[in-house]
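# A closer look at the structure
Read off the chains here:
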Amino acid sequence: MTIDTSAAERTEEPHGIPLPIYADRPVQVRQNVRPDMVQSPQPRSDGNHRVENWLVFLVTVIGYSLLGTWVVTGLHVVGFESLDRMNRALMALHNNPAKLTAIGFDYPPLSVLVLTPLAVSSDLARSLVALPISSAIFAGVAAISLNSLLRRCLIPGPWRIAILAVLALNPLVALYASTGSRQIVWVSLMLAGVSSVVKWFVTAQIRYVLIAGITFSVAGLAGYGSLVWAGLAAFLIGFVLQRHGARQAEVEGTVVGFASPVVYVMALWMVFNGLILGNPVAWVTRSVSGEAPSAGLATSDRLTEVLRDLGEVVLTTSPITVVVVPLLVLAAVRRRDELAGWLAICVGAAVVMPGVAVFVRNDGSHVLMRDGLPVLVLTVAGACWLVRSLAAGRAAGAMLVIVGLVASGVFTGFEMTRYANQNLESAFIQGIRTASSQEGEITAAGQEVGIISEQAMAGYIRRNVTAEGSILTDNSQTFGVMLLTGRPQLFFDRVDRGDGAWIRAARKPGAGVRYLLLSRSTATDRLSQLYPTAATGTDPALQAVYTTDRYVLVAVSDQVTPAEGEEAP
């Protein structure tokens with residue numbers, strides 16, 4: 001079969017979306033190959049969409065940065081996980097000695113590395129303004145990716161902007177896009193990869209396969225769950241090419257070209273895990289679960305509990321999913337739409353993956369509200385792909401998507417005030433509603449909100465301590481104080497010389513150690529476990545010089561010894 005794509009046929013689809021432009025010569029393709037799946041030169045450039053993308057990016061970044069600065073520094077709604085990652089970035093640049101090992105293996109590495117440029121200024125880092133800026137930037141990346149995807153779905157410009165605006169105003173999205181959350185980092189990169197796959201499917205341009213592979217490889221280092229969607233993308237690419245008559249060498253070469261960056265990056269990360277931790281797959285189970293402390297499950301039937309949590313999270317955060325997914329499946333079956341079926345599978349993976357992660361961690365944790373974030377954004381992508389098939393009714397379809405997102409956002413905002421398995425959702429809604437600080441408030445999950453203890457202790461240290469390495473502390477528990485001082489070099493922490501040297505110093509502080517900074521919780525602070533009475537401020541040999549509700553700073557005397565019978569952990 002010969003397809004003649006002459007100049008006379010080079011029209012543009014409605015709303016300024018250019019069709020792929022082929023050469024003026026006939027293009028030989030096999031039977032059953034769609035014309036839009038033929039390799040072709042780039043479509044005509046539309047400079048307006050670049051301006052639009054930049055405007056979308058800037059408005060998103062500025063808006064979320066301003067909102068987040070108010071929420072974090074004014075309302076004191078900020079997760080301790082975010083403080084921990086910011087402190088690791090600060091230590092990597094300003095500790096003495098500065099070490100990249102401060103990044104650690106508790107989080108996917110990119111979730112910390114993305115904060116290091118903002119930690120160059122210790123004042124910016126300790127002000128906490130860097131947190132909303134970092135998440136706002138990746139929210140901007142997500143907005144551009146979604147805008148490009150909507151454009152490929154032939155949704156008119158005004159309706160695209162309306163969909164983006166409604167989604168941006170969703171309270172769950174606003175919370176995680178404005179408070180320095182690591183979830184927005186990997187979700188934005190995953191969405192960028194999905195957008196690239198959609199562009200390849202529509203235009204058949206091989207560059208989008210390579211872009212998708214690189215994007216998913218980076219996303220994998222920001223959130224390990226992104227590898228699931230990378231695998232699904234590899235399957236789609238191979239399936240579509242095979243189904244439409246591509247040669248086997250083309251299929252294999254394209255899939256390998258996509259997968260190579262992902263495999264290379266994750267293999268390198270496994271090598272680092274093997275060399276440093278002695279286990280190449282330690283990253284699978286070592287990654288921390290989140291901001292909120294885990295509570296024990298209310299029932300012994302683990303599977304039933306997790307399945308119920310999954311259903312509640314979907315209905316709470318993205319109720320439109322129960323409508324969109326069946327429509328995607330119907331489109332895949334009746335119209336043989338490969339991409340509709342793939343998007344349905346992607347949404348299904350987003351629903352199931354949090355439950356799988358709970359079983360892998362095996363620590364009694366729950367599926368949280370934030371786990372609905374990827375479900376929501378992928379559902380929006382799927383809904384907009386369905387709109388593409390409506391031809392003359394795309395404006396009406398876009399309006400339905402907007403109405404659904406508005407209703408979903410209102411319902412989610414209500415549920416954020418009372419849903420039990422959450423982080424800071426209820427505090428965020430209450431703070432926005434009352435425009436007052438949430439310091440000391442208790443969330444629906446029982447978590448105390450605020451950082452006043454960290455601020456008070458950090459303020460005392462900044463005023464009274466100047467000697468480097470003079471404060472011995474377990475940085476895994478006192479990271480908030482360290483961050484808010486902006487001077488990690490003042491602390492002798494577990495990163496400075498490794499755990500071995502730190503434990504020896506903890507049992508017998510050297511001449512340079514003048515203070516111990518202890519968490520009042522002895523359950524997780526290794527230094528507080530060695531000096532439990534000092535952690536309560538009642539040790540006669542370790543005089544408390546400053547105390548807050550969460551921390552105590554004690555002066556070290558020559559007679560200091562660990563509690564009798566205590567062994568270094």
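Summarised in this report is the structure supplied together with it. (Residues numbered from 1 in each chain as written. Predicted model: local features only at pLDDT ≥ 70, side-chain atom pairs only at ≥ 80, totals over all residues. Heavy atoms only, no water.)

### A look at the overall build of the protein
Which entries qualify depends on this criterion: Secondary structure elements follow DSSP: runs of H or I no shorter than four residues count as helices, runs of E no shorter than two count as strands, and numbering proceeds from the N terminus. Think of it in three bands: with a 1.4 Å probe and only protein chains considered, a residue is buried below 20% of the maximum accessible area for its type, exposed above 50%, and partly exposed in between. Should any heavy atoms of two residues lie within 4.5 Å, those residues are counted as being in contact. Only the protein chains shown count as cover for residues, with accessible areas throughout obtained via the Shrake-Rupley method and a probe of 1.4 Å.
When helices and strands are counted, the protein shows 23 helices and 9 strands. For the protein, the residues scored as buried account for 55% of the 569 residues in total. Across the protein, the fraction of contacts at a sequence separation of at least 24, relative to all contacts at a separation of at least 6, is 72%. Split by element, the accessible area of the protein, about 23300 Å² in all, is 62% carbon and sulfur.

### Here we look at the packing of helix α19 (residues 452–464) against helix α20 (residues 475–485)
Under the convention used in this document: The convention used is that axes are lines fitted to C-alpha atoms, helices contributing only their stretch in contact, and that angles between N-to-C directions extend from 0 to 180 degrees. Note on angle classes: values under 35 degrees are labelled roughly parallel, values over 145 roughly antiparallel, values of 65 to 115 roughly perpendicular, and the remainder oblique. Whether a crossing is left-handed or right-handed is set by the direction in which the near helix is turned from the far one by less than a right angle, anticlockwise for left-handed and clockwise for right-handed. Polar here means any residue outside two lists: the nonpolar Ala, Val, Leu, Ile, Met, Phe, Trp, Tyr, Cys and Pro, and the charged Asp, Glu, Lys and Arg; Gly therefore counts as polar.
For the pair α19 and α20, interaxial distance at closest approach is 8 Å and the crossing angle is 50°. Classed by the angle they form, the pair α19 and α20 counts as oblique. Considering the relative orientation of α19 and α20, their crossing is right-handed. In contact with Glu-454, Gln-455, Met-457, Ala-458, Ile-461 and Arg-462 of α19, α20 contributes Gly-480, Val-481, Leu-484 and Thr-485. Here the contact of α19 with α20 is built from residues that sort into 5 nonpolar, 3 polar and 2 charged.

### Here's the deal with the environment of Leu-58
Along the chain, Leu-58 turns up in helix α1 (residues 47–74). For Leu-58, a relative accessible area of 42% translates into the label partly exposed.

### A closer look at the pattern of salt bridges
To be explicit about the condition: Whenever Lys or Arg places a side-chain nitrogen within 4 Å of a carboxyl oxygen from Asp or Glu, that contact is recorded as a salt bridge.
Applying the stated criterion to the full structure yields 14 salt bridges. Where Glu-415 meets Arg-418, a salt bridge forms, and the shortest distance between an N and an O atom there is 2.7 Å. Connected through salt bridges with shared partners, the residues Asp-474, Arg-494, Asp-499 and Arg-526 form a single ionic network.

### Some remarks on the environment of Ala-420
Along the chain, Ala-420 turns up in the loop between α17 (394–416) and α18 (425–434). Along the primary structure Ala-420 and Ala-445 are separated by 25 residues, whereas in three dimensions their C-alpha atoms are 5.0 Å apart. For Ala-420, the residues in contact, after removing those within four places along its chain, are Ala-444 and Ala-445.

### Topic: the sheet that holds strand β8 (residues 544–547)
For the record, the criterion: One bridge is not enough; two strands pair if DSSP finds at least two bridges between them.
Strand order in the open sheet formed by 5 strands is β6-β5-β7-β9-β8, with mixed pairing between adjacent strands. Lying at the two open borders of the sheet, with one neighbouring strand each, are β6 (491–492) and β8. Note: strand β5 (residues 471–473) against β6, 2 bridges, orientation parallel. Following the sheet pairing, Leu-472 is matched in β6 by Phe-492. In the packing of α19 onto the sheet, the strands contacted are β5, β6, β7 (515–519), β8 and β9 (551–555), and the crossing angle to β9 comes to about 25°. Strands β5, β6, β7 and β9 of the sheet are contacted by α20, whose axis makes an angle of about 115° with β7.

### Quick notes on helix α8 (residues 183–203)
Stated formally: Helix span, expected: 1.5 Å multiplied by one less than the number of residues in the helix.
The end-to-end C-alpha distance of α8 is 30 Å, a good match for the 30 Å that 21 residues give at a rise of 1.5 Å each. Two residues or fewer after α8 comes Ala-204, characterised by a positive phi angle close to 65°.

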